[in-house]
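Summary of the model geometry
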Amino acid sequence: MLPNLKINPEELPKRIIVCGDPGRAEQMAGLLDNGQPLAKNREYHSYKGSWNGVEVAIVSHGVGSPGAAVCFEELIKGGAEVLIRVGTAGSYQKDIQPGHLVISTAAVRMDGLTRQLVPEGFPAIANRQIVDKLVQAASIRQQKAHEGITLTLDVFYSGVVPFPHELYKQAGVLAVEMENSALFTIGTIRGVKTGAILAIDGFADADLSNEYNPHTDVVTKAIEQEALVALDALVAGV
């Protein structure tokens, strides 16, 4: 039994979608054929079923890299071979608007967790095969998806220490979120294929306490579409 996920490894498919929100995991599980719950513990809610005839799982990992890393590590211990994250992010670029999709090729490691896993300078990179499958799946579904580097940060609501968002915007980083670097780093050091697709739900320089609203119709639609793209990519080439 996986101790935090409370999943029997014998019941765990090899191909898995991971997402932050347990409610979103339940919604995606509803898209599967023969979708059924596996386990629920803390923020970790898991389901399995099939997509295009291939057995898959959907597992929520909560908010932030440390808790998400527990999820990723245990899924790998349970036999997972492919992990694709379906998430949301704040845009760094004017041409990437709320409701757009971003496929992350790599993550700037500004989280604290990966600094305790690998040396400074170690890159957090998505598996190229998974990136290609996500791009192809988006194209087939006629969903425009931006492709490039994202940034992983621990802070959601800012405090008194300023973060140099503008520097990363100028450097061409597409968006900021909270878990990709953990997923990509763990995937690399454990030998598992990983990728991520994100729905943009706002801008990183917005005053989150006053302006941030991820519950618009355009964002909801983008989340629905990214889930379909990720599921298609997850089973592509089987």
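Residues numbered from 1 in each chain as written. Predicted model: local features only at pLDDT ≥ 70, side-chain atom pairs only at ≥ 80, totals over all residues. Heavy atoms only, no water.

Observations concerning the layout of surface pockets
Keep this limit in mind: Only protein atoms enter the 1 Å grid, on which a cavity is a set of points fitting a 1.4 Å probe that cannot get out and a pocket is an open set with protein on both sides within 12 Å along at least 5 of 7 lines, lining residues being those with an atom within 4 Å of a point. Grid points are joined across faces, edges and corners, and a volume is the space filled by probe spheres set on the points. Helix numbering and strand numbering both begin at the N terminus, where a helix is a DSSP run of H or I of at least 4 residues and a strand a DSSP run of E of at least 2. Under this grouping Gly is polar, as are all residues other than the nonpolar Ala, Val, Leu, Ile, Met, Phe, Trp, Tyr, Cys and Pro and the charged Asp, Glu, Lys and Arg.
Counted as a void, the largest pocket has a volume near 1200 Å³. Every element with two or more residues in the lining of the largest pocket is listed here: helix H1 (22–29), strand E5 (82–91), strand E9 (175–177), strand E10 (193–203) and helix H6 (217–235). Tallying contributions element by element places H6 first for the lining of the largest pocket, with 6 residues. Here the lining of the largest pocket is built from residues that sort into 24 nonpolar, 14 polar and 8 charged.

Notes on the environment of Phe156
Keep this limit in mind: For each residue, the accessible area found with a 1.4 Å probe, counting protein chains only, is set against the maximum for its type, and the residue is called buried under 20%, exposed over 50%, and partly exposed in between.
Tracing the backbone shows Phe156 in the loop between strand E8 (145–153) and helix H4 (165–170). The exposure class of Phe156 is partly exposed, given its relative accessible area of 36%. For the pair formed by Phe156 and Val176, sequence separation is 20 residues and the distance between their alpha carbons is 10.0 Å.

Some thoughts on unusual backbone geometry
One non-glycine residue, Asn34, lies in the positive phi region at around 60°. On the secondary structure map, Asn34 appears in strand E2 (residues 33–41). Judged by its relative accessible area of 63%, Asn34 falls in the exposed class. One non-glycine residue with positive phi stands out, namely Asn52, at about 50°.

A few points about the environment of Gly53
Its location among the elements puts Gly53 in the loop between strand E3 (44–51) and strand E4 (54–60). Sequence separation between Gly53 and Leu32 is 21 residues, and the spatial gap between their C-alpha atoms is 9.7 Å.

Remarks on the nonpolar core
For clarity, the threshold we go by: Nonpolar core, defined: a set of buried Ala, Val, Leu, Ile, Met, Phe, Trp, Tyr and Cys residues in which side-chain atoms within 4.5 Å join the residues together. The criterion used for residue contact is that any of the two residues' heavy atoms lie within 4.5 Å.
In terms of nonpolar packing, the biggest core is built from 63 residues, with Ile16, Ile17, Phe72, Leu75, Leu83 and Ile84 touching the most fellow members. By residue number, the principal contributor to this core is H6, which donates 11 residues. Leave out the neighbours within four places in its chain, and Leu75 touches Leu5, Ile7, Leu12, Ile16, Val18, Val59, Ala80 and Leu83. Within the second largest apolar cluster, 8 residues are counted, among which are Leu151, Leu153, Tyr168 and Val176.

Topic: the pattern of salt bridges
Filter applied, for reference: Within this document, salt bridges are pairs made up of a side-chain nitrogen of Lys or Arg and a carboxyl oxygen of Asp or Glu, the two lying within 4 Å of each other.
Counted under the stated rule, the structure contains 7 salt bridges. Residues Glu73 and Arg190 are paired through a salt bridge, measuring 2.9 Å at the closest nitrogen-oxygen approach. Taken together, the positions of Glu73 in helix H2 (residues 65–77) and Arg190 in helix H5 (residues 180–190) put the pair 117 residues apart, joining distant regions of the chain. Taking relative accessible area as the criterion, Arg190 reaches 43% and is therefore assigned partly exposed. Here Arg85 ties to Glu177 by a salt bridge, and the two come within 2.9 Å at their closest N and O atoms. Highlighted residues: Arg85 in strand E5 and Glu177 in strand E9, separated in sequence by 92 residues. Taken as a pair, Arg85 and Glu177 share a single burial class, namely buried. Salt bridges linked by common partners bring Arg85, Glu177 and Glu179 together as one network.

What to know about H6
To be explicit about the condition: Here the expected length of a helix is defined as 1.5 Å per residue gap, with one fewer gap than residues.
Its 19 residues give H6 an end-to-end C-alpha distance of 28 Å, which sits within 8% of 27 Å, the value for a rise of 1.5 Å per residue. Most of H6 sits out of view: 14 of its 19 residues are buried.

Quick notes on the packing of H2 against H5
Convention followed: A fitted line through C-alpha atoms serves as each axis, taken over the contacting stretch for helices, and the angle formed by two N-to-C directions is quoted from 0 to 180°. Working rule for angles: under 35 degrees goes down as roughly parallel, over 145 as roughly antiparallel, 65 to 115 as roughly perpendicular, anything else as oblique. Handedness of a helix crossing follows the sense of rotation of the near helix relative to the far helix, less than a right angle counterclockwise being left-handed and clockwise being right-handed.
Interaxial distance between H2 and H5 falls to 9 Å at its minimum, and their mutual angle equals 30°. Classified by the angle between their axes, H2 and H5 sit roughly parallel to one another. Between H2 and H5 lies a crossing whose hand is right-handed. Here Ser65, Ala69, Phe72, Glu73 and Ile76 of H2 come into contact with H5, specifically with Ala182, Leu183, Ile186 and Arg190. A class-by-class count of the residues in the contact of H2 with H5 yields 6 nonpolar, 1 polar and 2 charged.

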